[in-house]
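Structural characterization, general
Below are the chains, spelled out letter by letter.
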Amino acid sequence: MKRLGLLLLLLGAGIAHAAAQSPGNPPPQRPTLRVLLIGNSLIYTNNLPGLLRSLARAQDTGPLIETGTYVMPGAELAQHWKSGAAVKALEQEHWDAVILQERGGLLACLASPAQKEQDGCRNSLRTHRRFAELAERRGARVLLLGTWGPDATWQDNLDRGLRQVARETGATPVMAGTRLRAYEAASGGKPKSLFTDDSLHPSLPASLIVAAVLYREITGAPAKAANLRLDFPLLPPGARMGDNLPLERNEALNALARPVTLGAGELPPLLEAAQPAH
């Protein structure tokens, strides 16, 4: 009888497993993480928030990602604090993570004893603290998106500055610029197409690497190659932005979307480049 009971138990478990896997049952519901992005054209070029959402949506498991994005061309974080729109969104809505992106190479100033005392540098550090303190009060994790410089020396100073801000605010540094430069170096200085102009705006492959770096940091797992549905506009550096309206609600820009699918076969080298150095 004991043996029969065990067989019945195993049979029942097998039936339950088969039922759970049957085509008629909907897949288990995935949680959604809300991510607030604050920065400038390095974020909205190629629509980094949209790429982040698409990466999450394409995965078989793991959370989905919903974004809110406040961006202005060439903006410093201090301008966003003064404008107040991103601050209001952080105060009034729930966010699981907040991504702060300072203007271009500004944080390299912190690596210089002379430059770190200049008004722009001190103002940047003060604004990072303000956003980080507000995010902490609201229960959101803060990520500092590391940007990229024109050469190895500048990149090193940028990374040093980013780590200093992270130490002083308790935020997590995300070394996206370092990963882009490592990918470029591994390619023998190619492809030059990582950046589209002298202002180092990212190409689509570069933006995909940055999106994968952020995805790993937000979810704790690397993104896997899968077909990506790009159902949002791939914006150019000169796209018109409003500082009081999130990108996701900018009807004029979103009307430019021409949905396409990026094949999974294009992604492996870019996803590999997003992995941290061993």
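See the structure printed just above.
My aim in this report is to walk through the structure given alongside it, one point at a time. (Residues numbered from 1 in each chain as written. Predicted model: local features only at pLDDT ≥ 70, side-chain atom pairs only at ≥ 80, totals over all residues. Heavy atoms only, no water.)

**Concerning helix H5 (residues 85-92)**
Residues separated by three or four positions in an α-helix point in the same direction, a consequence of the helix having 3.6 residues per turn. Here H5 has its buried residues at Ala-85, Ala-86, Val-87, Ala-89 and Leu-90. Tucked into the core, H5 has its buried residues touching strand E1 (32-39), strand E2 (64-71), helix H4 (77-83), strand E3 (97-100) and helix H6 (119-137). (Buried < 20%, exposed > 50% of the residue type's maximum accessible area, 1.4 Å probe, protein only. Helix = DSSP H or I, 4+ residues; strand = E, 2+ residues; numbered from the N terminus. Contact = heavy atoms within 4.5 Å.)

**Comments concerning the pairing of E2**
Among the 8 residues that make up E2, 6 are buried, leaving the element largely enclosed by the rest of the structure. By the bridge criterion, 8 bridges tie E1 to E2 in an arrangement that is parallel. Across the sheet, the residue bridging to Thr-32 is Leu-64, located in E2. (Pairing = 2+ DSSP bridges.)

**Some thoughts on the state of the cysteines**
A full pass over the atoms with the stated rule returns 1 disulfide. The side chain of Cys-109 participates in a disulfide bridge whose partner is Cys-121; the two sulfur atoms lie 2.0 Å from each other. Taking the torsion about the sulfur-sulfur bond, which here is approximately 85°, the covalent link between Cys-109 and Cys-121 counts as right-handed. You can see Cys-109 sitting in the loop between E3 and H6 and its partner Cys-121 sitting in helix H6, a full 12 residues away along the chain. Overall, Cys-109 belongs to the buried group, its relative accessible area being 7%. (Disulfide = S-S within 2.5 Å.)

**Describing the pairing of E1**
Consecutive side chains along a regular strand alternate between the two faces of the sheet. The buried fraction of E1 is high, at 6 of 8 residues. For E1 and E3, the ladder comprises 4 bridges, and the chain directions are parallel. Looking at E3, one finds that Leu-36 is bridged to Val-98.

**Some remarks on the pattern of salt bridges**
The full count for this structure, using the stated rule, is 8 salt bridges. Arg-34 serves as the salt-bridge partner of Glu-66, at 3.1 Å between the closest nitrogen and oxygen. Placement of the pair is Glu-66 in strand E2 and Arg-34 in strand E1, with a sequence separation of 32 residues. Among the residues examined, Glu-66 registers a relative accessible area of 36% and is labelled partly exposed. Its salt-bridge partner being Arg-141, residue Glu-217 comes within 2.5 Å of it at the nearest N-O pair. (Salt bridge = Lys/Arg side-chain N within 4 Å of Asp/Glu carboxyl O.)

**Quick notes on the sheet that holds strand E5 (residues 172-174)**
Ordered by their spatial adjacency, 5 strands build an open sheet running E2-E1-E3-E4-E5, and the pairing between neighbours is parallel. Each edge of the open sheet carries a strand with a single partner, namely E2 and E5. In this sheet, adjacent strand axes meet at a mean angle of 25° when their direction is disregarded. Where strand E4 (residues 141-145) lies against E5, 3 bridges are found, and the strand directions are parallel. Along E5, the bridge assignment pairs Leu-145 with Val-174. (Axes fitted to C-alpha atoms, helices over the stretch in contact; angles between N-to-C directions.)

**Overview of the packing of helix H3 (residues 48-58) against helix H9 (residues 204-219)**
Two numbers describe how H3 lies on H9: the axes approach to 9 Å, and their chain directions differ by 60°. Considering the angle they form, H3 stands oblique to H9. Remark: the crossing between H3 and H9 carries right-handed chirality. From H3, Leu-48, Leu-51, Leu-52, Leu-55 and Ala-56 reach across to H9, where they touch Leu-204, Ser-207, Leu-208, Val-210, Ala-211, Ala-212, Leu-214, Tyr-215 and Ile-218. (Parallel < 35°, antiparallel > 145°, perpendicular 65-115°, else oblique. Left-handed = near helix turned anticlockwise from the far one by under 90°.)

**Examining the environment of Ile-43**
Looking at the element boundaries, Ile-43 is found in helix H2 (residues 41-44). Overall, the relative accessible area of 0% leaves Ile-43 in the buried class. Each C-alpha atom of the pair Ile-43 and Val-71 lies 7.4 Å from the other, and the pair is 28 residues apart in sequence. Those residues in contact with Ile-43 that lie beyond four places of it in its chain are Leu-37, Ile-38, Leu-48, Pro-49, Thr-69, Val-71, Gln-101 and Leu-145.

Interpretation note: all reported values are geometric properties and have no functional meaning in isolation.
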